[in-house]
Amino acid sequence: MNKDLTLTKSYQAAEKIMKEHSKSFFQAFASIPKKRFQGVVAVYSFCRYVDDLVDEASESNEIVLNQLNVLETTILSLGEKQLQNSITKLDWWPAFEETVFNFGVQKKALLEQIEGQKSDLCFSPFETMESLETYCRNVAGSVGAMLWPMIGDEKFLTETNQTVYLEYCYQLGMAMQITNILRDIGEDARKRGRVYLPTKLLSDFGWTISDVMELSNNAKSWKDIPENFSSIWEEVSKISQKYYNVLDNHIDIFHPSCRLGLLSAANIYHAIEDEIRNDHYDCVTKRQYTSRFKRLSIINDMKKRLQKMNRTPKVRQKKSNF
């Protein structure tokens, strides 16, 4: 088959994956320039594949771990030798491989994603908040770093040192992953046997992993949730707030066509935490969402914010503490 035709079909396959699995993510980036958008969907397909290997697999942990190791070896070989295996034959792979080369996607971030998924496969509770943040950096912060070459503004992408900008992207991914964890406490415990809340934090409030598991399996409504559960929840939420602030303070580093989508997606996601608060911290018996009205309201607010920002010249500091 003609190489160009193969790539076209591969990008189409990647786009279909993203459209089917994350409509909000698809909408957030659909308006960016075509080449950038193609890179985003290719990277998304890689991340979706790695995540599904762990969360959707019916095989044993040993088999899945072997698949992750094969993927890791394949990533390490990119640009050095052409490996032929079941992964490189996947429909979206040619698009992903071209994206990694053309945009300079960091192998480090790709490998971090795999490492994060390995920790989910062989899950053991996190002792400290720092260990939880490391996990979030691997499974979600790495996605932000992968996407940076496609969503960054040209004047920042051309700078020699990309470290600061990549860090902002890592932290945005971490913010959204922490919201995921706060939203899915009950579901993760019941369906996956995982409690992501750090054991030290739980202990500080007189809780254990077993207490969270018991609550998740037995609670029928918010009335069954002990009052001090909200204090544990809020301690973790403080961390997500810190990382969401990064995007608020540095939205101008991103391509103009990405800014509304990024701000809207992040603020809609962050608003899930408010939904949990408003429902008596019930992230145990149900999964909370933002309403369609709330999402539209946030998008309109972000449009106004960007319009105001565009009218107000900003002096940007090159170095920043994060």
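See the structure printed just above.
Please read these numbers as outputs of a predicted model, since none were measured by experiment.

K.L.:
Can you lay out unusual backbone geometry for me, pointing to particular residues and giving the numbers?
P.N.:
The phi angle at His 280 is positive, at roughly 60°, despite the residue not being glycine. The topology assignment puts His 280 in the loop between helix H14 (256–278) and helix H15 (292–311). Even without being glycine, Tyr 281 reaches a positive phi, approximately 60°. Examined against the element boundaries, Tyr 281 turns out to sit in the loop between H14 and H15.

K.L.:
Pulling in residues and values, what's your account of helix H6 (residues 107–121)?
P.N.:
The first and last C-alpha atoms of H6 sit 21 Å apart over 15 residues, in line with the 21 Å expected at 1.5 Å per residue. Residues of H6 that are buried: Ala 109, Leu 110, Glu 112, Gln 113, Ile 114, Gly 116, Gln 117, Lys 118, Asp 120 and Leu 121. Tucked into the core, H6 has its buried residues touching helix H3 (34–55), helix H4 (61–77), helix H5 (93–103), helix H7 (129–151) and helix H9 (163–183).

K.L.:
Tell me about the pattern of salt bridges, and please be specific about residues and values.
P.N.:
For the structure on display, the rule yields 20 salt bridges. Of the charged contacts, one joins Arg 194 and Asp 55 as a salt bridge, the two residues approaching to 3.4 Å between their closest N and O atoms. Of the two residues, Arg 194 is situated in the loop between helix H10 (185–192) and helix H11 (199–204) and Asp 55 in helix H3; the sequence distance between them amounts to 139 residues. Judged by relative accessible area, Asp 55 falls into the partly exposed class, the value being 28%. Residues Lys 200 and Asp 204 are paired through a salt bridge, measuring 3.7 Å at the closest nitrogen-oxygen approach. Highlighted residues: Lys 200 and Asp 204, both in helix H11, separated by four residues, approximately one helical turn. Judged by its relative accessible area of 48%, Lys 200 is partly exposed. Salt bridges here are not isolated pairs; linked through shared partners, they connect Arg 183, Asp 184, Glu 187, Asp 188, Arg 192 and Arg 287.

K.L.:
Report on the state of the cysteines, specifying residues and quantitative values.
P.N.:
With the rule as written, the count across this model stands at zero disulfides. With no disulfide of its own, Cys 122 has Cys 136 as its nearest cysteine by sulfur position, at a separation of 18 Å.

K.L.:
Please provide a residue-by-residue account of the nonpolar core, values included.
P.N.:
Nonpolar side chains in soluble globular proteins tend to end up buried together. Residues Phe 46, Phe 96 and Phe 229 are the most contacted members of the largest nonpolar core, which totals 101 residues. Looking at this core element by element, the count peaks at 13 residues for H7. Other than its neighbours up to four places away in sequence, Phe 229 contacts Ile 185, Trp 207, Leu 215, Tyr 281, Cys 283 and Val 284.

K.L.:
Outline H14, listing residues and values.
P.N.:
With 23 residues, H14 extends 34 Å between its outermost C-alpha atoms, agreeing within 8% with the 33 Å of an ideal straight helix rising 1.5 Å per residue. With its phi angle positive at about 60°, His 280 sits one or two positions after the end of H14.

K.L.:
Which residues make up the packing of H3 against H7, and what values do they have?
P.N.:
Between H3 and H7, whose axes approach to 9 Å, the crossing angle comes to 165°. Here H7 runs roughly antiparallel to H3, going by the angle between their axes. Crossing of H3 over H7 shows right-handed handedness. Residue-level inspection shows Arg 36, Gly 39, Val 40, Val 43, Phe 46 and Cys 47 of H3 in contact with H7, the latter providing Val 143, Met 146, Leu 147, Pro 149, Met 150 and Ile 151.

K.L.:
Could you give me a rundown of the packing of aromatic side chains, with the residues and numbers involved?
P.N.:
Applying the stated criterion across every chain yields a total of 16 aromatic pairs. Taken together, a centroid distance of 5.6 Å and an interplanar angle of 55° make the contact between Tyr 49 and Trp 92 tilted. Of this pair, Tyr 49 sits in helix H3 while Trp 92 sits in the loop between H4 and H5, and the two are 43 residues apart along the sequence. As far as burial versus exposure is concerned, Tyr 49 and Trp 92 are alike and both buried. On the basis of an interplanar angle of 40° and a centroid distance of 5.2 Å, the ring pair of Phe 126 and Tyr 135 is categorised as tilted. Taken together, the ring pairs in this structure connect Phe 46, Tyr 49, Trp 92, Trp 93 and Phe 96 into an aromatic cluster. Positioned above the aromatic ring of Tyr 170 is the side chain of Arg 137, whose terminal nitrogen or guanidinium carbon lies 4.0 Å from the ring centre.

K.L.:
Please set out the packing of H7 against H9 residue by residue, giving values where relevant.
P.N.:
The contact between H7 and H9 brings their axes to 6 Å, and the two run at 125°. Here H9 runs oblique to H7, going by the angle between their axes. Of the two elements, H7 crosses H9, and the hand of that crossing is right-handed. When H7 is examined against H9, the residues Leu 132, Glu 133, Tyr 135, Cys 136, Arg 137, Val 139, Ala 140, Gly 141, Ser 142, Gly 144, Ala 145 and Trp 148 are found in contact with a partner set consisting of Tyr 165, Leu 166, Glu 167, Cys 169, Tyr 170, Gly 173, Met 174, Gln 177, Ile 178 and Ile 181. Within the contact of H7 with H9, the residues separate by chemical class into 14 nonpolar, five polar and three charged.

Rules and cut-offs
- Residues numbered from 1 in each chain as written.
- Predicted model: local features only at pLDDT ≥ 70, side-chain atom pairs only at ≥ 80, totals over all residues.
- Heavy atoms only, no water.
- Helix = DSSP H or I, 4+ residues; strand = E, 2+ residues; numbered from the N terminus.
- Expected span 1.5 Å × (residues − 1).
- Buried < 20%, exposed > 50% of the residue type's maximum accessible area, 1.4 Å probe, protein only.
- Contact = heavy atoms within 4.5 Å.
- Salt bridge = Lys/Arg side-chain N within 4 Å of Asp/Glu carboxyl O.
- Disulfide = S-S within 2.5 Å.
- Core = buried A, V, L, I, M, F, W, Y, C linked by side-chain atoms within 4.5 Å.
- Axes fitted to C-alpha atoms, helices over the stretch in contact; angles between N-to-C directions.
- Parallel < 35°, antiparallel > 145°, perpendicular 65-115°, else oblique.
- Left-handed = near helix turned anticlockwise from the far one by under 90°.
- Phe/Tyr/Trp six-rings, centres within 6.5 Å; stacked < 30°, edge-to-face > 60°.
- Lys NZ or Arg CZ within 6 Å of the ring centre and 35° of its normal.
- Nonpolar A, V, L, I, M, F, W, Y, C, P; charged D, E, K, R; others polar.

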